[in-house]
Amino acid sequence: MSARVIAQIIVLGTQILGKAFVEAYKQAVANAAGGGAAGSAGRMGKDALTRQTGMSLEEAYKILNLKKNNFDASTFSKNFEHLFKVNDTSSGGSFYIQSKVMRAKERIDMEMAEAAKKNKNPQNNNEQSSSSQSTFNS
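The numbers attached to residues start from 1 for each chain and follow its sequence in the written order. Local features in this predicted model are restricted to residues whose pLDDT is 70 or higher, and side-chain atom pairs enter the listing and the counts only when it is 80 or higher, whereas totals over whole chains, interfaces and linings include all residues. For the side-chain quantities, the full set of heavy atoms in the structure was used; hydrogens and water were omitted.

By the naming in an unreviewed UniProt entry, the protein is Mitochondrial import inner membrane translocase subunit TIM16, taken from Rhizophagus irregularis. UniProt positions are given in the numbering used here, feature names are shortened, and annotations may be inferred rather than shown by experiment. Here the protein is described in UniProt, under the heading Subcellular location (unreviewed entry), as follows: "Mitochondrion inner membrane".

Draft legend 1. Looking closely at the nonpolar core. Residue types Ala, Val, Leu, Ile, Met, Phe, Trp, Tyr and Cys, when buried and joined through side-chain atoms within 4.5 Å, form a set referred to as a nonpolar core. Only protein chains enter the accessibility calculation, which uses a 1.4 Å probe; a residue whose area is less than 20% of its type maximum is buried, one above 50% is exposed, and one in between is partly exposed. If you look at the biggest cluster of nonpolar residues, it comprises 11 residues: Met55, Leu57, Ala60, Tyr61, Leu64, Leu66, Phe76, Phe80, Val101, Ala104 and Ile108. Segments assigned H or I by DSSP are reported as helices when at least four residues long, segments assigned E as strands when at least two residues long, and all are numbered from the N terminus. When contributions to this core are tallied by element, the ones reaching two or more residues are helix H4 (57-63), helix H5 (73-86) and helix H6 (95-120). By definition, residues are in contact when any of their heavy atoms lie within 4.5 Å. Setting aside its immediate chain neighbours within four residues, Leu57 contacts Lys68, Arg107, Ile108 and Glu111.

Draft legend 2. Fine view of the pattern of salt bridges. Basic side-chain nitrogens of Lys or Arg form a salt bridge, by our definition, when they fall within 4 Å of a carboxyl oxygen of Asp or Glu. The final tally for this structure, using the stated rule, is 5 salt bridges. Here Lys68 and Glu58 are joined by a salt bridge, their closest N and O atoms 3.3 Å apart. In this pair, Lys68 sits in the loop between H4 and H5 while Glu58 sits in helix H4, placing the two residues 10 residues apart along the sequence. Arg103 is the partner of Glu106 in a salt bridge, and the nearest nitrogen-oxygen pair spans 2.9 Å. With Glu106 and Arg103 both in helix H6 and 3 residues apart, the pair spans about one turn of that helix. A relative accessible area of 33% means that Glu106 is categorised as partly exposed. Take Arg103: its relative accessible area is 42%, and that puts it in the partly exposed class.

Draft legend 3. Examining the side chain of Thr50 more closely. Looking at where Thr50 falls in the secondary structure, it is placed in helix H3 (residues 48-53). Given a relative accessible area of 9%, Thr50 falls into the buried group. Sequence-distant contacts of Thr50, that is, excluding residues within four places in its chain, are made with Met55, Ser56 and Arg107.

Structure (structure tokens):
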């Protein structure tokens, strides 16, 4: 009698574990297809440059102590050079902070290049905005 109970417990435990593994696998496949549950939710609102660089424009402005609504190229250059020099490892600075400063500069440079490219092709922008307007009006 006790052997029969032990066998039933083993079978029941195996079934429960098997179902749990199947459910976990299904969930893992669904997460992988959607880019991950937490990852896809965090990336939905980001633009292409933010996804490419891993740094938002706002973060870059904060790192370089700049104001987004009052951008000045000379202040940008001066702040970058100062922060880069202060955090130089040969003078006891932090390589991590120095690399963050460099990435912030690169991110702002990429944004400025993107804006210049858009300003260079205003006809393409007008075509894109009119097609998106017609999509929204439909």
